[in-house]
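# Descriptive structure summary
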Amino acid sequence: MLCEEPFIKPWWGNLREEIPNTRYAEKIFERAFKLERLLVESASRPLDLALSEHQRALRMGKNDRNLLGTALYSAARNREALISSVGVNYEAGLLLKIGFLDALGSVNSEILGTFSNPDELLEILDEVRGKREVWLQKIYDEWEESIALCSSETIDALCSLFSIPKVFIEAGPWRSLYEAAKELARGKERQALHLRVKRDEDLSKKGIEELSRAGIDIKFSTYTTYCLIIDNPKNIRGLQTFRNGVIEIQDEGSQLLVEAASSFIKGKVLDLCAGGGGKALAMSDIAPEADIYAFDIDLRRLNGIHPRIRRGGIKNIKTLGSLDEVSANAPYDFVLIDAPCTSTGTIRRNPDIAWRWDAESVEQIVNTQRDLLCNSVSLVKRGGVLAYATCSLLSVENNLQFESFLKEYEDVFEEVVLKPTSANPFAEKENRLSFGARLPLDLGEYNGDSFYLAIARRR
Ligand SMILES: C[S@@+](CC[C@H](N)C(=O)[O-])C[C@H]1O[C@@H](n2cnc3c(N)ncnc32)[C@H](O)[C@@H]1O
């Protein structure tokens, strides 16, 4: 019987026993209700932006800021589940209360001590618990079924339990209910901060020493020595080693992706969807001899790369200001399309992603990806390489997208077989890499975002 599966945990911990009566409850709730408007507004804006604006407006102290942030994120992580449990349309105050409880479960006992009247909250929790048992039973009943054979009530239960829209299940790669639940449960965890340290022995050693002196605990990734994992990030941006570009903030998945493609990154390289330049910078470090051209349709985002280039004294990245310039510099030996996507693979860091997508918007982004792939064909030199990447969990954006591109351009491109290496142990098939999503179910030490990478060579 799989009912004892440990990964579907209650999100509130043992609060009944843990919440003592103290005098600060009212203050915390007052703050929580001030966040109500923020939660509502953030449905149309990224949560992190809305939160930081709100924090600035309230001129909060650091502890309050942290607490509110934690509460807000936990409410966001459980939004759908809470709405369906308590049967309200959207009562942000209630969500926030429960969000606080969730946050408290994993913050510390000092904060737990600030509640003076937990009874009302515990009542709500009981109600949520009851619903949760019903959902779990439905899921357990069809645990090993393929998603296509599950009843719609079971799919609804899964979506409510994990606070995700149905489209994530319908468009996903899940082979069974068990697999979907496992991956989605992982999406509810908090995630450590990852840093990329420059591939220069002396500089990286000094950087790591400075982090340690600043009291920052460092864990090294199992998969790449250049990724540092930080559970207690403190003022990283203020450190000399950050200011001189020796360390960059970058998720382990992004780093592994560039490493997995590294043998192809040479000659003239185009980062077509460079955003703020995370992958371009990683490519520059891994392939210092390459000439890297970075473009993004959103030039304001692309501008974020300039201070990073300056900090690191980087010489081999140029930015392009228009699609005409992209074409004028073609053809390229290596074109990376780090495509705009649902970002479902980053849901731990951005729980509000779950609220942002429906079937229609998923279809739109899939169309954009297809256009990007097709429009890039002429940018790739004969014998050159096209790399397609997403940070999505969904098949429609990954395998299905790439396979349909290959089919359409079978006379022009052939797929390059990517073998798993020690740095990239997570091959989904023999020929495409997928970090995070569709892993062998034992995730091992990997704790980064979910990424997908597929590569084709122009004939
Ligand atoms: C996943 S993000 C890129 C992240 C970036 N590569 C990094 O490592 O930080 C996708 C980017 O694609 C850009 N984008 C969307 N449509 C585009 C298009 N048609 N051409 C170029 N860039 C596009 C978006 O502005 C966004 O910055």
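Quick notes on the rules
Here the residue numbers are simple positions, counted from 1 along each chain's written sequence. Only residues with pLDDT of at least 70 are given local features in this predicted model, and only at 80 or more are side-chain atom pairs given and counted; all residues enter the totals for whole chains, interfaces and linings. We count a stretch as a helix when DSSP gives it H or I for four or more residues in a row; a strand needs E for two or more, and each element gets its number in order from the N terminus. As a rule, residues whose C-beta atom has 12 or fewer other C-beta atoms within 10 Å are exposed, those with 20 or more are buried, and those in between are partly exposed; C-beta atoms are placed from the backbone. Residues are counted as near a molecule or strand when the C-beta atom, derived from backbone positions, lies within 6 Å of that molecule or strand. Three categories are distinguished: nonpolar for Ala, Val, Leu, Ile, Met, Phe, Trp, Tyr, Cys and Pro, charged for Asp, Glu, Lys and Arg, and polar for the others, with Gly belonging to the last. In this analysis, strands are considered paired if DSSP registers two or more bridges between them. Between the N-to-C directions of two axes lies an angle of 0 to 180 degrees, each axis being a line fitted to C-alpha atoms and, for a helix, fitted only over the stretch in contact. Expected span of a helix: the number of residues minus one, times 1.5 Å. Picture the helix axis, draw a direction to every C-beta atom, and the arc is the one those directions span. We call two residues in contact if the C-beta atoms placed from their backbones are at most 7 Å apart. The term nonpolar core refers to a group of buried residues, namely Ala, Val, Leu, Ile, Met, Phe, Trp, Tyr and Cys, whose C-beta atoms join them within 7 Å. Reported domain spans reflect what an automatic or database domain assignment gives. One number per residue, pLDDT, summarises how confident the predictor is, and it ranges from 0 to 100.

### Some details on the overall build of the protein chain
Along the protein chain, the regular secondary structure elements total 21 helices and 12 strands. Within the protein chain, the fraction of its 459 residues that count as buried is 43%.

### Topic: the site of the ligand
If you check the shell around the ligand, you find 16 residues, and the closest are Cys273, Gly275, Gly278, Lys279 and Asp338. Of the residues that constitute the shell around the ligand, the class distribution is 6 nonpolar, 5 polar and 5 charged.

### A word on the sheet that holds strand β1 (residues 193–197)
Taken in spatial order, the 4 strands make up an open sheet running β2-β3-β1-β4, and their pairing is antiparallel. Every other strand in the sheet has two partners, leaving β2 (218–220) and β4 (247–249) as the edge strands with one partner each. Taking each pair of neighbouring strands and ignoring which way they run, the sheet shows an average axis angle of 35°. Note: β2 against strand β3 (residues 227–230), 3 bridges, orientation antiparallel. Residue Phe220 lies in a different strand from β3, and its bridge partner there is Leu228.

### So, helix α20 (residues 359–376)
Every α-helix carries 3.6 residues per turn, so stepping three or four residues along brings you back to the same face. For α20, spanning 18 residues, the distance from its first C-alpha to its last is 26 Å, which sits close to the expected 26 Å at 1.5 Å a residue. Considered for burial, the residues of α20 that qualify are Val362, Ile365, Val366, Gln369, Leu373 and Ser376. Projected down its long axis, α20 carries its buried residues within an arc of 105°, all on one side. In α20, the exposed positions angled more than 90 degrees off the buried face are occupied by Glu360, Gln364, Asn367, Asp371 and Cys374. Looking at the buried side of α20, the elements it contacts are α10 (166–170), β8 (332–338), β9 (380–390) and α21 (399–408).

### Some remarks on the nonpolar core
Nonpolar side chains in soluble globular proteins tend to end up buried together. Core analysis: the largest hydrophobic core is formed by 82 residues, its most contacted members being Leu158, Ala294, Val335, Ile337, Ala387, Ala389 and Leu453. Mapping this core onto the domain boundaries places at least three of its residues in each of domain 1 (15–186) and domain 3 (252–458). Of all hydrophobic cores here, the second largest spans 9 residues; its members include Ala50, Ala71, Tyr73 and Ala76.

### Regarding the environment of Leu453
Relative to the helices and strands, Leu453 resides in strand β12 (residues 451–458). Look at Leu453 and you get buried, because 25 C-beta atoms sit within 10 Å. Taking the C-alpha atoms as reference, Leu453 lies 8.4 Å from Ala261; in sequence the two are 192 residues apart.

### Quick notes on the confidence of the model for the protein chain
The pLDDT averaged across the protein chain works out to 80; a share of 72% of its residues lies at or above 70. This stretch, residues 1–7, has a pLDDT under 50; its non-local contacts, to residues over four places away or in other chains, come to 5 contacts. Counting interchain partners and residues more than four positions distant, the pLDDT-below-50 stretch residues 10–23 has 26 contacts.

### With respect to the pairing of β1
Counting buried positions along β1 yields 4 of 5 residues, so the element is predominantly enclosed. Sheet topology note: the β1/β4 ladder contains 3 bridges and is antiparallel. Residue pairing in the sheet places Leu195 in a bridge with Ile249 of β4.

### Description of the pairing of β8
With respect to burial, β8 is a largely interior element, 6 of its 7 residues being buried. Summarising the sheet, strand β5 (residues 268–271) and β8 pair through 3 bridges and their orientation is parallel. By the bridge assignment for β8, Val269 is matched with Phe334. For β8 and β9, the ladder comprises 6 bridges, and the chain directions are parallel. Counted as the bridge partner of Tyr332 is Val380 from β9.

### Quick look at helix α12 (residues 201–213)
In this model α12 runs 18 Å from its N-terminal to its C-terminal C-alpha over 13 residues, within 8% of the 18 Å that 1.5 Å per residue would give. Phi turns positive, to about 80°, at Gly215, one or two residues after α12.

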